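# Examination of the molecular architecture
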Amino acid sequence: MLFRSVIAGDPQAEALPAIDILAKLPSVTIAPNGRVQLLGKPGVTILIDGKPGSVEALRTLPGSEIDRIEVMTNPSAQFAASGSGGVINVITKQRRKPGLTGTVTASADSQGGWRVGASPGVTRGAWTFGAGLGANASLSEGHFGSERRRLGGGGAVISSLRTKTDFTSETATRSASAKVAYRFEDGGRVSFSANVSGSDGGGRRRARLTSPDAGFTPYDEVSRNDTEIATSGAELSYEREGPGAGETLSASISYGVSDWDTPSTISIDRRGAVERYRQGQRFASDNLGAKLDYRRQFARERVLNVGGAYNDDGEDVDQSQVSTGGSAFGPDYAWGLRDRRRVTAAYVTWQFPAGRWTLLPGLRVEAEQLRVRAGGATVRKDRADPFPSLHLRRELGAGWTLDLSYSRRIDRVQPSNLDPRLYYFSTTSAYAGNPALKPVLSDAYEARLDWEGDRGRAASLTVYRRQSSGVLAGLTTLRPDGVYVTTSINAGGGLDEGAELSLRGPLRGGFSYAADRKSTRLNSSHTDI
């Protein structure tokens, strides 16, 4: 199911970054931490011009560069099957007006965050040059509490641990991008783009741990962390219109690298007896992607889409913990993890009319090769899966449209979740991976009724149902030393169903209204553990 938001000619939208425009669209939710959800579900795939993107890229992409945004809560086989939440595809403008153009934006929020950006561009004949510069800062603070209870026979509480936590964090980001494009006389177009960004920040967390258990000594745990992130990437793309009506061929290749460094220090004060230790985390990743798409339109609204894609992702992870005073929990360690995932895909979709309906069946096949090397052992995960899809549309008249759709999706296993070695979060919490983890497969069914009236009035009702197998859950065990160790497992099936009603329209004086109402129900059936 496809919902398109066209922002061309909207001065308010063109002055906003892409992430703020998304927050105003039906079915889209942007969490305070930047996580994107569709119909309340995470695992959303972000694309920019059909190629992998990121939330950080959306923060720096100005609305003036966007032609339209495609929100697909149930995408067809043309799009990668990863991410059960759906797909958001941001399409940028391919043609600029002759001469010099550009925008400058600035914004601030009530918590002390701010954002500035500039995107100049110039078109001379067949050449187009563009650039982007941006910077932003964000601040956040909050507090939360939790209680862990260990139950015995009959549900009696054997022991409990209560935690009250306060935290603060701040992040500053800078980014720059450049793009050059050339349009040939035969209708072909080639473009090259590059981007670089960096961010740094830090945070502080203070937790007070207490317990009513006899003999327990309350203590404070204070952690401080610093974060440095550097990313860069480049892309070369080519597009050409064929001799047939509606015939296009497009190809692209991209490469990107990123580096995360997040050292932290933790101190534990047990009534004057202070324990200190230092943790280090470093993530370095690279990505090579290639994509080929062919589209051909035939008579009677028949459309063929075929194509393929290849993605090669690698990651190096280094983790360490060193005691710097007292007798900090857990042994000192220093270890690394190396992983590489290769996914090769091919797809075909065929659109055709059938009576008063328009049908779009499709099939995508993806083959995955995953290698994870940790602790001298190598975990191998090879699989190939078919991902069918079916979309039906019917124009009901008077501005009403009905869409019915089905698709199969996959949430692939994160390589770090396969590593069985112990990683400590705090004095009482640790995590160990599970080499036997499998991906989560989902079957999504949706029905959507849309209405478009005059003067920009619109309404939509979406009813959805997602059935998943191999749903992930955390299995927590208590060790004799009092540390809770959590491990991810495939716990069984899950059902996510609900509905969303959305209303949009203008008001007097240049104002507009927007209202959304969601209702969701989650069910799960777990296997015996």
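Residues numbered from 1 in each chain as written. Predicted model: local features only at pLDDT ≥ 70, side-chain atom pairs only at ≥ 80, totals over all residues. Heavy atoms only, no water.

Applying the stated criterion to the full structure yields nine aromatic pairs. Ring centres of Trp127 and Tyr182 lie 4.7 Å apart, and the angle between their planes is 55°; on these two criteria the pair is classed as tilted. Taken together, the residues span a long stretch of sequence, with Trp127 in strand 10 (residues 127-151) and Tyr182 in strand 11 (residues 157-183) at a distance of 55 residues. By relative accessible area, Trp127 is classed as partly exposed at 42%. (Phe/Tyr/Trp six-rings, centres within 6.5 Å; stacked < 30°, edge-to-face > 60°. Helix = DSSP H or I, 4+ residues; strand = E, 2+ residues; numbered from the N terminus. Buried < 20%, exposed > 50% of the residue type's maximum accessible area, 1.4 Å probe, protein only.)

Here we take up the sheet that holds strand 27 (residues 484-490). Sheet strands line up and pair through hydrogen bonds in the backbone, either parallel or antiparallel. Taken together, the four strands give an open sheet; going across it, the order is 22-23-27-26, and neighbouring strands pair in mixed fashion. Of all the strands in the sheet, just strand 22 (422-424) and strand 26 (472-478) have a single pairing partner and so form its edges. For this sheet the average axis-to-axis angle between neighbouring strands, irrespective of direction, equals 30°. One ladder, built from three bridges, connects strand 22 with strand 23 (residues 429-432); its direction is antiparallel. In the sheet register, Tyr424 faces strand 23, and the bridge partner there is Ala430. (Pairing = 2+ DSSP bridges. Axes fitted to C-alpha atoms, helices over the stretch in contact; angles between N-to-C directions.)

The next thing to look at is the environment of Thr165. Structurally, the position occupied by Thr165 is in strand 11. Remark: the alpha-carbon pair of Thr165 and Phe144, spanning 21 residues in sequence, is separated by 5.4 Å. Among all residues touching Thr165, those that are not within four sequence positions of it are Gly142, His143, Phe144, Arg205, Arg206 and Ala207. (Contact = heavy atoms within 4.5 Å.)

Below, the discussion takes up the pairing of strand 7 (residues 86-92). Along any regular strand, the residues point their side chains to alternate faces of the sheet. Counting buried residues along strand 7, seven of its seven residues qualify, which places the element largely inside the surrounding structure. Burial along strand 7 is two-sided: the residues Gly86, Ile88, Val90 and Thr92 and Val87, Asn89 and Ile91 are all buried. Bridge count for strand 4 (residues 44-48) against strand 7 is five bridges, and the pairing is parallel. Among the inter-strand pairings, Ile48 is bridged to a residue of strand 7, identified as Val90. The sheet contact formed by strand 6 (residues 66-72) and strand 7 spans six bridges and is antiparallel.

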